[in-house]
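Residue-level structure breakdown
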Amino acid sequence: MTVMMPQRHRATAKKPMWIIVLLSMVCIVLIGAYVFPPRRFSKCYLSASSVCTNFKDWLPSMGRRERTDEEIISSVVIRDILSMPMPVSKNPKIALMFLTPGSLPFEKLWEKFLQGHEGRYSIYVHASREKPVHTSSLFAGRDIHSDAVVWGLISMVDAEKRLLANALEDVDNQVFVLLSDSCVPLHSFDFVYNYLMGTNVSFVDCFKDPGPHGSGRYSPEMYPEIDERDFRKGAQWFAVTRRHALMILADSLYYKKFKLYCKPAEGRNCIADEHYLPTLFNMVDPGGISNWSVTNVDWSEGKWHPRSYSADDVTYDLLKNITAIDENFHVTSDDKKLVMQKPCLWNGSKRPCYLFARKFNPEALDNLLKLFTSYTSV
């Protein structure tokens, strides 16, 4: 009799599903990081920092865009400007650069502000429409070669660069302040001088506005050199260090993009002077700027142009209220109208935000002269 042995059945092996799920999640994360790199790594091609190196070590090289010759030249030049030592001046000065269509109505006020501080400042006047008539000897002979300036066009940026180039010829100029014909000082000269000279940060207004007057002005033709996520907005009135002034003059890559594709009344109504410098600094040295301007402008009326102050508006209370502001804010232009408010930190300490203010009408001069000593006293 043959005894049949019972067949043995192998227990069905359980599939390690958790390993499959884990591997799938890792793949998704890696693909996502490659296609959409983290924000802080998005500008690594301009930097040789250890953070960027670590990111590049594991990032797949497949599909990476090859930079143009112009991009390589730009990144090398800007990198070296930002890292090279600046010459030390024995007599550091502030360059006051006035961008005006003609005469400066507040020369007498500026004369009072500068009185007794000879050798600590320089003056440069760019008059775009007509030769200015000077009422103060301090401004006589300080006009530079000027060309026509059209609001919103790159010619405004060209005028700013022209002022910077002339001011950089004096090796003692260490801080470069852009002012308009309607600007007035808010503090004493010593306060302004120490405020600007006491920090290595440039005061450039810069914020991200997702609305139609911000990112809505971005042109796809700016890509790939300028990505929409790097596009920024800010007021044109700056105070920059000598290093940053050199960097602005050295840039041609990003400047060219704004010259070609940022123009008013062309669908997106892009205003070059409101976007070029904020975007440039955001891309190449975001940690080197304050993100607010030291020139106060009142946009509370919600119009295309800021509020103008008449003679009747100029009171001690108005001026002291402006000088006391120690927080800056930005409002987005989308439907949310998001208000972003931050303290004005000077070397880590909360300080007044503004050293200058605009727009003051010419007839306000007498009131400003009468109040100057009282509102500028600490």
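Structure first, text after, so check above.
Keep in mind the model is a prediction, meaning the values are calculated, not measured. (Residues numbered from 1 in each chain as written. Predicted model: local features only at pLDDT ≥ 70, side-chain atom pairs only at ≥ 80, totals over all residues. Heavy atoms only, no water.)

Time to look at the state of the cysteines. In a disulfide, the sulfur atoms of two cysteines are held together by a covalent bond. For the structure on display, the rule yields two disulfides. Disulfide pairing is shown between cysteine 344 and cysteine 353; the S-S distance is 1.8 Å. Across the S-S bond of cysteine 344 and cysteine 353 the torsion is about 95°, and the bridge reads as right-handed. Like cysteine 344, the residue cysteine 353 is buried in the burial classification. (Disulfide = S-S within 2.5 Å. Buried < 20%, exposed > 50% of the residue type's maximum accessible area, 1.4 Å probe, protein only.)

Turning our eyes to something else, we now look at the packing of helix H5 (residues 154-168) against helix H8 (residues 253-261). One can describe the packing of H5 onto H8 by two numbers: an axis separation of 9 Å at closest approach and a directional angle of 145°. In contact with Ile154, Val157, Asp158 and Lys161 of H5, H8 contributes Tyr255, Phe258 and Lys259. Taken together, the residues of the contact of H5 with H8 break down into four nonpolar, no polar and three charged. (Axes fitted to C-alpha atoms, helices over the stretch in contact; angles between N-to-C directions. Helix = DSSP H or I, 4+ residues; strand = E, 2+ residues; numbered from the N terminus. Contact = heavy atoms within 4.5 Å. Nonpolar A, V, L, I, M, F, W, Y, C, P; charged D, E, K, R; others polar.)

For helix H9 (residues 272-284), built from 13 residues, the straight-helix expectation of 18 Å at 1.5 Å per residue is met to within 8% by its first-to-last C-alpha distance of 18 Å. Of all 13 residues in H9, 13 are buried, a share of seventy percent or more. (Expected span 1.5 Å × (residues − 1).)

What follows deals with the pattern of salt bridges. A side chain with one charge may pair with a side chain of the opposite charge, provided their charged atoms come close. The full count for this structure, using the stated rule, is 14 salt bridges. Notably, a salt bridge pairs lysine 257 with glutamate 225, separated by 3.0 Å at the nearest N-O pair. Of this pair, lysine 257 sits in helix H8 while glutamate 225 sits in the loop between strand S5 (202-205) and strand S6 (239-241), and the two are 32 residues apart along the sequence. Note that glutamate 327 is salt-bridged to lysine 350, the shortest N-O span being 3.3 Å. Of this pair, glutamate 327 sits in strand S9 (residues 327-331) while lysine 350 is found in strand S12 (residues 349-350), placing the two residues 23 residues apart along the sequence. What makes glutamate 327 partly exposed here is its relative accessible area of 29%. Salt bridges sharing common partners tie together Asp298, Arg307 and Asp313. (Salt bridge = Lys/Arg side-chain N within 4 Å of Asp/Glu carboxyl O.)

Further remarks concern unusual backbone geometry. In this model, tyrosine 223 is joined to proline 224 through a cis peptide bond whose omega is 10°. Counting through the fold element by element, proline 224 comes out in the loop between S5 and S6. The linkage connecting arginine 358 with the following residue, lysine 359, adopts the cis geometry, with an omega of 5°. Phi at lysine 337 is positive, roughly 50°, even though this residue is not glycine.

For the rest of this paragraph, the subject is the nonpolar core. Membership of the largest hydrophobic core comes to 48 residues, with the highest contact counts inside it found for Phe98, Trp110, Val177, Tyr195, Leu196, Phe360 and Leu368. The element contributing the most residues to this core is helix H6 (residues 189-197), with six residues. Once you skip the residues sitting within four places of it in the chain, phenylalanine 98 turns out to touch Leu104, Trp110, Ile123, Tyr124, Val125, His126, Phe139, Leu163, Leu179 and Ser180. (Core = buried A, V, L, I, M, F, W, Y, C linked by side-chain atoms within 4.5 Å.)

With respect to topology, three strands assemble into an open sheet ordered S4-S13-S8, the strand pairing being mixed. Among the strands making up the open sheet, the edge pair consists of strand S4 (184-185) and strand S8 (295-296). For S4 and strand S13 (residues 356-357), the ladder comprises two bridges, and the chain directions are antiparallel. From the neighbouring strand, valine 184 faces S13, where its bridge partner is alanine 357. (Pairing = 2+ DSSP bridges.)

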